[in-house]
Amino acid sequence: MDFKLTEEHIMIRDAARDFAKTELLPGVIERDEKQEFPTEQVKKMGELGFLGMMVSPEYGGGGMDTVSYVLAMEEISKIDASCSVIVSVNNSLVCWGLETYGNEAQKKKYLTKLATGESIGAFCLSEPEAGSDATSQRTTAIDKGDHYILNGTKNWITNGSSADYYLVIAQTDREKKHKGINAFIVEKGMEGFEVGPKEQKLGIRGSDTHTLNFNDVKVPKENRIGEDGFGFKFAMKTLSGGRIGIAAQALGIASGAYELARDYSKIRKAFGTEICNHQAIAFKLADMHTEITAARHLVMKAAWDKDQGNNYDMSGAMAKLFASKVAMDTAVEAVQVHGGNGYVKEYHVERLMRDAKITQIYEGTSEIQKIVISRGLLKD
Ligand code: CAA
């Protein structure tokens, strides 16, 4: 067993770390406050290859492994989780889904632009009545021969207004239940496609989350991904990888909060000494670091499973379940270490605490991860 990162992994991690400090840190508080989409930052991330890290160079991607991707995700998330969710959705849900299950024409037309950041993607599964219960899709796509007519509403869509291409999951044959579900590539300009209201959120406020409406949208048949009825499996397989990205995001939020607390405890004085010299604080740091290290092992194991071609449904779900709890716990403790300053925006930890919560909700709540894990345990 070898826990050492390769030189290439270290280079990618350090490049992401430098980028996050120099390009994302300035303005992160203001973007959060104003709910401002990081347009310039996303453009730069595209130019540097962060939006299509795992895509094959043939389609404009970086051809990197999942370990590289989670290392970059952790570093970006330490500073700005609004940016890292954009990276995660574009890489794991959109590019990976298209590269793995799209046909050559779809890859040529859409993937290259998405992998280079020229275009941004969104993944549209959730609905007002189908969040965790993903088989209960109400959005319909009626087969009209050479095209489908799409009708319905999608909720809580990351990159909702900023995306150019949307992977939309819809029911084509209700009687067939999950076997009557398909996935489609919808372009922003298609008639009848409308971006609805932006959500006012607790955290990851720089990312734009919207309701989307589809009113008789005509989608060419060539935009269906995979064989007829493959949509639910497409969504599940894609989300399994997405969960590794979100686990890495949670890990980044946790390690960002921990580093801020550690550094602050070395300069803040109380009762005649730096607060890190009080066991009340030192023990908190010890707990945080231990839990973060355990979370990192789970995240890396899941990424490694994916790179090895092993099944990663369970390891990804375990990584997300654990890392998101560690993110929440660590961020709360980091605020506590900062005392009154922790409640103030300029110290960053209050934002990390708000951002942490979403990692226990999106791409499957913690309860969904437990369903995936327990089913995996009991299936044989
Ligand atoms: N890979 C391949 N196939 C899978 C699969 C996987 N990981 N998981 C399930 N399937 C297949 C099953 O084998 C089954 O197929 P067969 O009938 O052919 O055997 C079919 O899918 C149905 O599976 P289940 O009976 O297990 O389905 P279920 O209704 O019990 O639901 C679930 C399973 C895990 C709860 C699923 O509904 C789920 O993951 N829900 C959460 C959805 C979610 O994560 N939503 C987040 C939205 S996306 C988002 O947040 C993006 C963003 O913007 C940040």
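Parameters and conventions
Residues numbered from 1 in each chain as written. Predicted model: local features only at pLDDT ≥ 70, side-chain atom pairs only at ≥ 80, totals over all residues. Heavy atoms only, no water. Helix = DSSP H or I, 4+ residues; strand = E, 2+ residues; numbered from the N terminus. Rg over C-alpha atoms; globule rule 2.2 N^0.38 Å. Buried < 20%, exposed > 50% of the residue type's maximum accessible area, 1.4 Å probe, protein only. Contact = heavy atoms within 4.5 Å. Areas by Shrake-Rupley, 256 points an atom, 1.4 Å probe, with all protein chains shown as cover. Lys, Arg positive; Asp, Glu negative; His and termini not counted. Charge placed at Lys NZ, Arg CZ, Asp CG, Glu CD. UniProt positions renumbered as here; feature names shortened; annotations may be inferred. Pairing = 2+ DSSP bridges. Salt bridge = Lys/Arg side-chain N within 4 Å of Asp/Glu carboxyl O.

1. A closer look at the overall build of the protein
Helix and strand counts for the protein come out as eleven helices and ten strands. For 380 residues, the compact-globule formula gives about 21 Å, and the C-alpha radius of gyration of the protein, at 21 Å, lands near that figure. With the C-alpha coordinates aligned to their principal axes, the bounding extent of the protein is approximately 80 × 45 × 40 Å. Within the protein, buried positions represent 54% of all 380 residues. Long-range contacts, defined as pairs at least 24 residues apart, comprise 74% of the intrachain contacts of the protein with a sequence gap of at least 6. About 16,700 Å² of surface is accessible on the protein, with carbon and sulfur atoms providing 54% of the total. Within the protein, one finds 47 positive and 53 negative side-chain charges whose respective centroids are separated by 3 Å.

2. So, the UniProt feature "domain: Acyl-CoA dehydrogenase/oxidase N-terminal" (unreviewed entry) in the protein
The UniProt entry lists residues 6-118 under the feature "domain: Acyl-CoA dehydrogenase/oxidase N-terminal" (unreviewed entry), expressed in the numbering used here. Taken end to end, residues 6-118 comprises 73% helix and 0% strand; its first and last C-alpha atoms sit 30 Å apart.

3. What to know about the pairing of strand β7 (residues 209-220)
Here strand β3 (residues 147-158) pairs with β7 via nine bridges, running antiparallel. Paired with Thr 153 across the two strands is Asn 213, which belongs to β7. Two elements, strand β6 (residues 193-198) and β7, share four bridges in a ladder whose sense is antiparallel. Within β7, the residue paired with Phe 193 across the bridge is Phe 214.

4. Quick notes on the pattern of salt bridges
The tally for this structure, following the rule as stated, stands at 22 salt bridges. A salt bridge links Arg 296 to Glu 74; its shortest N-O distance comes to 2.6 Å. Here the residue Arg 296 occupies a position in helix α8 (residues 279-308), and Glu 74 occupies one in helix α4 (residues 66-79), the gap between them amounting to 222 residues. A relative accessible area of 4% places Glu 74 in the buried class. Across the pair Glu 127 and Lys 154 runs a salt bridge whose closest N-O atoms are separated by 2.9 Å. Of the two residues, Glu 127 is situated in the loop between β1 (121-124) and β2 (140-143) and Lys 154 in strand β3; the sequence distance between them amounts to 27 residues. Of the two residues, Glu 127 and Lys 154, neither departs from the other in class, the shared state being buried. Where salt bridges share partners, they join Asp 32, Arg 205, Lys 345, Glu 350 and Arg 354 into one cluster.

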